[in-house]
Amino acid sequence: MTTLDNQTPATATADFPQVADQYRRELTAHCYRMTGSVYDAEDMVQETYLRAWRAYDDFEGRSSVRTWLYRIATNVCLTNLENKGRRPLPTGLGMPGAQAGDELVEATEVPWLEPVPDVMVDVANVDPAQVVGNRDSIRLAFVAALQHLPPRQRAVLVLRDVLRWSAKETATALDTTVAAVNSALQRAHAQLAEKQLTQGTVEDDLTPELESMLDRYVQAFWDKDVNALVTMLAHDAIWEMPPFTGWYAGAENIVALIDHQCPGGAHDMPMIRTSANGQPAYGLYMRQSDGHFEPFQLQVLQVVDGRVQHVIAFFETELFETFGLPASLPASYALAPA
């Protein structure tokens, strides 16, 4: 527990960055779970630290600094979420799956769910014994499921099930009663169960065999080899690509979409590896008329039982900078055969 005994206000404030900065990444993960937006999460963490810095002189150490910061961050997020709708994925809009060849309908007005870079939430370096910030609680499937809950239910579920706070601690953070917290958690669990929403299943560790499969996946896009691609997709794979509202089920349906409605041809679509939400991800670039490549979509993959089960291809090209990916690739770029 951190206290401020024997410190003047000026000294305490000066010590704030040293005391608080160690929690920035896990607070970013927390705000991301709450908001579903990497950019909103960054803003919420900044606001949390601003409020905490201003109040730090009066912090009396009745709780740990970490607990105190989480309390502030949760309420900052709840204020931000007032009068805002949820951030869905196309599969969460309640519409039936589309077929390759259907008209592509774009909904840029929808505040879509966004992926988060692993380096921002430190999922790769978390202690396996810890629950906070682990991979399961940051998966896209789990964050998408949270979006179906009202903000206060979402906060209760995250504080209780992810952070493992007691009902009393959660009630204190949200300025409510233990009974209200227990009721909210029960309703949250019931709503997720009714919608059959879960964290999803993914391969936690990519074996050499899975890494080889992912290399072939990248090669298949570079060659635009749909025959190779279909062998790497699960038969019931799902493909979605916000801001387009359609989603596609089935390996054959997905490769038909890529074959006939993706603008690139052979050697037009190189991919650069990154990681998002504890899952393998790729920035896909598209060749331009002068030969160089521009960002096209960021794919986040869910790999299950050795095959690609789910792909979310985000067309928000600003994400490339957020993920530290190149702003463009030269015309001379070529992918070495896998």
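Computed from a predicted structure; not experimentally measured. (Residues numbered from 1 in each chain as written. Predicted model: local features only at pLDDT ≥ 70, side-chain atom pairs only at ≥ 80, totals over all residues. Heavy atoms only, no water.)

Scanning all chains against the criterion turns up twelve aromatic pairs. Ring geometry for Phe-221 and Trp-239: centres 6.4 Å apart, planes at 20°, overall stacked. Here the residue Phe-221 occupies a position in helix H10 (residues 208–223), and Trp-239 occupies one in strand S1 (residues 233–240), the gap between them amounting to 18 residues. Like Trp-239, Phe-221 is buried. Put simply, the rings of Phe-16, Tyr-49, Tyr-56 and Trp-68 touch in pairs and so form one group of aromatic residues. We note Arg-24 situated over the ring of Tyr-49; from NZ or CZ to the ring centre the distance is 4.2 Å. (Phe/Tyr/Trp six-rings, centres within 6.5 Å; stacked < 30°, edge-to-face > 60°. Helix = DSSP H or I, 4+ residues; strand = E, 2+ residues; numbered from the N terminus. Buried < 20%, exposed > 50% of the residue type's maximum accessible area, 1.4 Å probe, protein only. Lys NZ or Arg CZ within 6 Å of the ring centre and 35° of its normal.)

Pairing geometry for strand S3 (residues 271–276) and strand S4 (residues 279–287), over six bridges, is antiparallel. What sits directly across from Ile-272, in S4, is Gly-283. Two successive antiparallel strands, S3 and S4, enclose a turn made up of two residues, where Asn-277 displays a positive phi of approximately 55°. (Pairing = 2+ DSSP bridges.)

What follows concerns the pattern of salt bridges. Should the charged atoms of two oppositely charged side chains come close, the side chains can pair. Applying the stated criterion across every chain yields a total of eight salt bridges. A salt bridge links Arg-87 to Asp-40; the shortest N-O distance between them is 3.5 Å. Taken as a pair, Arg-87 in the loop between helix H4 (65–81) and helix H5 (118–121) and Asp-40 in helix H3 (residues 38–55) lie far apart in primary sequence, 47 residues in all. On the basis of relative accessibility, which here comes to 14%, the residue Arg-87 falls in the buried class. (Salt bridge = Lys/Arg side-chain N within 4 Å of Asp/Glu carboxyl O.)

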